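Next come the chains, spelled out residue by residue.
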Amino acid sequence: MESINLNRLAYFAAVVDAASFTRAADRLGITKTVVSQQVARLERELKTSLLVRTTRRVEPTEAGRMLHARCIMILREAENAFAELAQTNAEPMGLLRIAAPNDYGSYMLAPLAAAFSKKFPACSVDLMLADSRIDLVANQIDLSIRVGWLDDSALQARRIGSFRQLLVAAPGVVRKRAVARPVDLAPLPFIANGALKEPLQWQFTKDDFERQTVRMNQTLTINTTPAVMAATIAGAGLSVLPDFLVVNEIKAGRLVHILPAWMLPAGGIHAVYPAARFRPPKVTAFVAMLMEEHKRTSPTMGKR
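The present account deals with the structure reproduced in this document. Here the residue numbers are simple positions, counted from 1 along each chain's written sequence. This being a predicted model, a pLDDT of at least 70 is required before a residue's local features are given, and a value of 80 or more before pairs of side-chain atoms are given or counted; all residues contribute to the totals for chains, interfaces and linings. Only hydrogens and water are removed before side-chain values are computed, so all heavy atoms of the structure are retained for them.

The secondary structure content of the chain amounts to eight helices and 14 strands. Computation of the radius of gyration draws on C-alpha atoms alone. For the globule rule, the value is 2.2 Å times the number of residues to the power 0.38. For 304 residues, the compact-globule estimate of 2.2 N^0.38 gives 19 Å, and the chain exceeds it by more than 25% at 24 Å. Overall, the chain is about 80 × 45 × 30 Å in size when its C-alpha atoms are taken along their principal axes. Burial status across the chain gives 43% buried among its 304 residues. Contacts spanning at least 24 positions in sequence make up 73% of the contacts within the chain whose residues lie at least 6 apart. Note on areas: these come from Shrake-Rupley sampling with a 1.4 Å probe, and a residue is covered only by the protein chains present in the view. Of the roughly 16,400 Å² that the chain leaves accessible, carbon and sulfur atoms contribute 53%. The convention is simple: Lys and Arg are positive, Asp and Glu are negative, and His and the chain ends are not counted. To locate a charge, take NZ of a lysine, CZ of an arginine, CG of an aspartate or CD of a glutamate. In the chain, the 38 positive side-chain charges and the 27 negative ones have mean positions that sit 4 Å from each other. Numbering of helices and strands starts at the N terminus; helices are DSSP runs of H or I of at least 4 residues and strands are runs of E of at least 2. Using a 1.4 Å probe on the protein chains alone, a residue whose accessible area is under 20% of its type maximum counts as buried, one over 50% counts as exposed, and one in between counts as partly exposed. Any two residues whose heavy atoms approach within 4.5 Å at even a single point are treated as in contact.

Set out below in structure tokens:
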């Protein structure tokens, strides 16, 4: 091959990502015919089949999967090159893809993404919320917000803030029971968060030296944090939830902080990036807004 048409690589990658010529054409803003013709020409140039077409889906062949993995890197480098040039005017542009947990994403990032889109109209936001980890490279994620404790990783990270874990319950759940110390919690009904590695065993600390570890009495398990909070407000039992999610519920009297003198382990909030030489303005601008929002709201989230 004397030359490579990068547009064809982009069309091919879009078809694989969408698993459809029609959806790929819609995303690219061109006709299905153009996409189909360009991908067919790419296959002729490479002298190999890249896609298997069925009545329902389009799937890559083994050669297609190999090429798609390379296309992602090539297209991301091209996007970064354009973004780097655009940095001269410091105006974020293009699609910003963010991954985050359901609870933090709903509470903090969704309203911030709306404000970001208004402030930078040349930049759009794709917010992907899931309690499971999303592969940043495979899903072309620009930025991931991780809440809790970071695993060892080749990814780059920046600490945004921190949060406390609070033991809470609806008013009346523990009203008639004597709960003076963490060991008194063991027989009480507890809502376990199935998204956590160890949802039942908790270590409480008082005055930095007194410690008690309690294994809770699981009566209900739910795998998303917002749903755990909803069940807690409904009176199903106690639960451990992040302060940023429950602080307003406590102020409104819908939840009560149980054993406030005893502390649970605090966690961190981190911005995590794919390893790259260049970080586009859209990413740095969003992280800057997020850090400012944390500074503004941290007094309302309790002492850290």
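In the cavity and pocket records, a cavity denotes points on a 1 Å grid over the protein atoms alone where a 1.4 Å probe fits but cannot get out, a pocket denotes an open set with protein on both sides within 12 Å along at least 5 of 7 lines, and lining residues are residues with an atom within 4 Å of a point. Grid points are joined across faces, edges and corners, and a volume is the space filled by probe spheres set on the points. In the structure shown here, the tally under the stated rule is one cavity of 30 Å³ or more. Looking at the largest cavity, its volume works out to about 40 Å³. Only Asp, Glu, Lys and Arg are considered charged, only Ala, Val, Leu, Ile, Met, Phe, Trp, Tyr, Cys and Pro nonpolar, and every remaining residue, Gly among them, polar. Here the lining of the largest cavity is built from residues that sort into eight nonpolar, two polar and one charged.

Another aspect to go through is the nonpolar core. We call a set of buried Ala, Val, Leu, Ile, Met, Phe, Trp, Tyr and Cys residues a nonpolar core when their side-chain atoms join them within 4.5 Å. One finds Leu-109 and Ile-145 to be the most contacted residues of the largest nonpolar core, which totals 36 residues. Of the residues forming this core, the biggest block, seven residues, is contributed by helix α8 (residues 281-297). When sequence neighbours within four positions are dropped, the list of residues in contact with Leu-109 reads Ile-98, Ala-100, Tyr-104, Leu-127, Ile-145, Phe-286 and Leu-290. Formed by 20 residues, the second largest nonpolar core is a distinct cluster that contains Leu-167, Val-214, Met-216 and Ile-258.

Right, let's talk about unusual backbone geometry for a bit. Of note in this structure, Ala-19 is not a glycine but carries a positive phi near 55°. Tracing the sequence through the fold places Ala-19 in the loop between α1 (6-18) and α2 (21-28). Of the residues examined, Ala-19 reaches a relative accessible area of 4% and is grouped as buried. You will see that Gln-140, though not glycine, has its phi angle at about 55°, which is positive. Relative to the assigned elements, Gln-140 resides in the loop between β4 (123-129) and β5 (143-148).

The next thing to look at is the pattern of salt bridges. Throughout this description, the term salt bridge denotes a Lys or Arg side-chain nitrogen within 4 Å of a carboxyl oxygen of Asp or Glu. Scanning the entire structure with this criterion turns up twelve salt bridges. Between Arg-76 and Asp-142 there is a salt bridge, with the nearest N and O atoms lying 3.5 Å from each other. Taken together, the residues Arg-76 in helix α4 (residues 62-86) and Asp-142 in the loop between β4 and β5 connect sequence positions 66 residues apart. Relative accessible area serves as the criterion here: at 9%, Asp-142 is assigned to the buried category. Across the pair Arg-181 and Glu-210 runs a salt bridge, and its minimum N-O distance is 3.0 Å. Here Arg-181, found in the loop between β7 (165-169) and β8 (189-193), pairs with Glu-210, found in strand β10 (residues 210-215); they are 29 residues apart in sequence, far enough to count as distant. A relative accessible area of 35% means that Arg-181 is categorised as partly exposed. A cluster of three or more residues bridged by salt bridges with shared partners is formed by Arg-8, Arg-41 and Glu-45.

At least two DSSP bridges between two strands are required for those strands to pair. Strands sit in the order β12-β7-β13 across an open sheet of three strands; the sheet is antiparallel. In the strand order of this sheet, the two ends are held by β12 (239-242) and β13 (256-257), each with one partner. Bridge count between β7 and β13: two bridges; the pairing is antiparallel. Each residue of the ladder has a partner; that of Ala-169, found in β13, is Val-256. Throughout, an axis means a line fitted to C-alpha atoms (over the contacting stretch in the case of helices), and angles, computed between N-to-C directions, take values from 0 to 180 degrees. Strands in contact with helix α7 (residues 243-251) are β7, β12 and β13; relative to β12, the strand with the most contacts, it is inclined by about 105°.

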